[in-house]
Amino acid sequence: MSPGGDVRVAVLLSGRGSNFLALHQAMSRGEVPARIVVVVTDKPKAAGAAKAEDLGIPAVAVSRRGLTREQHEERILEALRRHRAEWVCLAGYMRLLSPLFVAAFPQRILNIHPSLLPAFPGLDAQRQAWDHGTSVSGCTVHLVDEGLDSGPIVVQRPVPVTADDDPDSLAARILTEEHQAYPEALKRLLTTSWEVEGRRLKFFEERA
Ligand code: GRF
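The structure contained in this document is the topic of the report that follows. (Residues numbered from 1 in each chain as written. Predicted model: local features only at pLDDT ≥ 70, side-chain atom pairs only at ≥ 80, totals over all residues. Heavy atoms only, no water.)

Topic: the packing of aromatic side chains
At step 1: Applying the stated criterion across every chain, the model contains one aromatic pair.
At step 2: The aromatic ring of F203 is capped on one face by R188, whose charged end is 3.8 Å from the ring centroid. (Phe/Tyr/Trp six-rings, centres within 6.5 Å; stacked < 30°, edge-to-face > 60°. Lys NZ or Arg CZ within 6 Å of the ring centre and 35° of its normal.)

Regarding the site of the ligand
At step 1: Close contacts around the ligand come from R16, G17, S18, N19, G92, I112, H113, P114, Q126 and E178, and that covers them all.
At step 2: The contact in question runs from an oxygen atom of the ligand to an N or O atom on the side chain of S18, over 2.5 Å.
At step 3: Take I112: an N or O atom from its main chain is 2.9 Å from a nitrogen atom of the ligand.
At step 4: In this structure, the ligand is accommodated by the largest pocket. (Near = heavy atom within 4 Å. Polar contact = N/O pair within 3.5 Å; in protein donor to acceptor, adjacent residues only side chain to side chain. 1 Å grid on protein atoms, 1.4 Å probe; cavity = no way out; pocket = protein on both sides within 12 Å on 5 of 7 lines; lining within 4 Å. Sits in = over half its atoms within 2 Å of the grid points.)

A closer look at the sheet that holds strand β4 (residues 87-90)
At step 1: With mixed pairing, the seven strands of this open sheet are ordered in space as β3-β2-β1-β4-β5-β6-β7. Lying at the two open borders of the sheet, with one neighbouring strand each, are β3 (59-61) and β7 (153-160). The mean inter-strand angle of the sheet, taken between neighbouring strand axes irrespective of direction, is 20 degrees.
At step 2: Of the strands in this sheet, β1 (7-13), β2 (34-41), β4 and β5 (109-113) are in contact with helix α1 (residues 18-28), which crosses β2 at around 160 degrees. (Pairing = 2+ DSSP bridges. Helix = DSSP H or I, 4+ residues; strand = E, 2+ residues; numbered from the N terminus. Axes fitted to C-alpha atoms, helices over the stretch in contact; angles between N-to-C directions. Contact = heavy atoms within 4.5 Å.)

A closer look at the packing of α1 against helix α2 (residues 47-54)
Packed helices, taken two at a time, are described by their axes: the angle between them and the distance between them.
At step 1: The N-to-C vectors of α1 and α2 enclose an angle of 30 degrees; their axes lie 9 Å apart at closest approach. With respect to their mutual orientation, α1 and α2 come out roughly parallel. From α1, S18, F20 and L21 reach across to α2, where they touch G48, K51 and A52.
At step 2: A class-by-class count of the residues in the contact of α1 with α2 yields three nonpolar, two polar and one charged. (Parallel < 35°, antiparallel > 145°, perpendicular 65-115°, else oblique. Nonpolar A, V, L, I, M, F, W, Y, C, P; charged D, E, K, R; others polar.)

Describing the side chain of S137
At step 1: Position of S137 relative to the elements: it lies in strand β6 (residues 136-143).
At step 2: Accessibility expressed as a relative area gives 2% for S137, which makes it buried.
At step 3: Ignoring anything within four residues of it in the chain, the contact list for S137 reads P114, S115, L116, A129, R157, P158, V159, V161 and I174. (Buried < 20%, exposed > 50% of the residue type's maximum accessible area, 1.4 Å probe, protein only.)

Description of unusual backbone geometry
At step 1: Put simply, L117 and P118 share a cis peptide bond, and its omega is 10 degrees.
At step 2: A positive phi angle, near 55 degrees, is found at F120, a position not held by glycine.
At step 3: Along the polypeptide, F120 turns up in the loop between β5 and α5 (125-132).
At step 4: One non-glycine residue with positive phi stands out, namely D124, at about 55 degrees.

Let's talk about the nonpolar core
At step 1: Ranked by internal contacts, the top residues of the largest apolar core, which has 37 residues, are V9, V11, W87, L110 and L186.
At step 2: Taken together, the elements giving at least two residues each to this core come down to β1, α1, β2, β4, β5, β6, β7 and α6 (167-191).
At step 3: The element best represented in this core is α6, accounting for eight residues.
At step 4: The residues touching L110, leaving out its near neighbours within four places in the chain, are W87, V88, C89, L90, V141, H142, L143, V144, V154, Y182, L186 and L189.
At step 5: Listed in part, the 21 residues of the second largest apolar core include V37, V62, L97 and V102. (Core = buried A, V, L, I, M, F, W, Y, C linked by side-chain atoms within 4.5 Å.)

Focus: the pattern of salt bridges
At step 1: Enumeration over the complete set of coordinates arrives at seven salt bridges.
At step 2: We note a salt bridge from E31 to R29, for which the minimum N-O separation is 2.7 Å.
At step 3: Between D165 and R173 there is a salt bridge, with its nearest N and O atoms 2.8 Å apart. (Salt bridge = Lys/Arg side-chain N within 4 Å of Asp/Glu carboxyl O.)

With respect to the pairing of β5
At step 1: Burial within β5 is extensive, with five of its five residues counted as buried.
At step 2: The side-chain alternation of β5 yields two buried faces, one formed by I109, N111 and H113 and the other by L110 and I112.
At step 3: Examined bridge by bridge, β4 and β5 share three bridges and lie parallel to one another. Among the inter-strand pairings, C89 is bridged to a residue of β5, identified as L110.
At step 4: Between β4 and its parallel partner β5, the chain crosses via helix α4 (residues 99-104), and the hand of that crossover is right-handed.
At step 5: In the sheet, β5 pairs with β6 via four bridges, with the strands oriented antiparallel. Of the residues in β6, the one forming a bridge with N111 is H142. (Right-handed = clockwise from strand over helix to strand, strands pointing away.)

Okay, structure coming up:
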């Protein structure tokens, strides 16, 4: 931990970075005992990386171009080690992590997904829900394992699908919930005792 007891968090992203910002803002308000020490992106032009730089948070771009998956992940892990990251939050990071990467941060990697998992994993989850005709969708924050959007669930928030929704309006309402759910999940994991039992997260009392 860094001075002050804040947990050192790395954010991995590939795009606009609104969940990164929501995490950062919740930390700045003192709601989550953590701080973002580095933002890593596989897309050098990601808007989220520019937002990090504007905030004075180091942003590291590691393009996949010309690298094997192993080399790419090793470079990212180097950046995480250099910044002494203790937790990793995936926030719109569009690559599946290898088992080796996951093992480098055992039960310390979180992801946010815009559906109520296990429904609609993978790409374009909001459109998948809308196409399927569900009356409820939502978002899920989960620990990351080797699978696709498959680790133990930390927090879920439902979002009703209305008659006049389209995939974009649904995605926008889900995103608003994501911005609440992600800080809430990280806070819960950092301030309570818990363990993973099978697929389930078991929470105990608040830490002293
Ligand atoms: C979010 O919908 C998140 O659930 C998904 O990717 C999107 C990222 O959005 N994994 P943003 O870059 O955080 O704005």
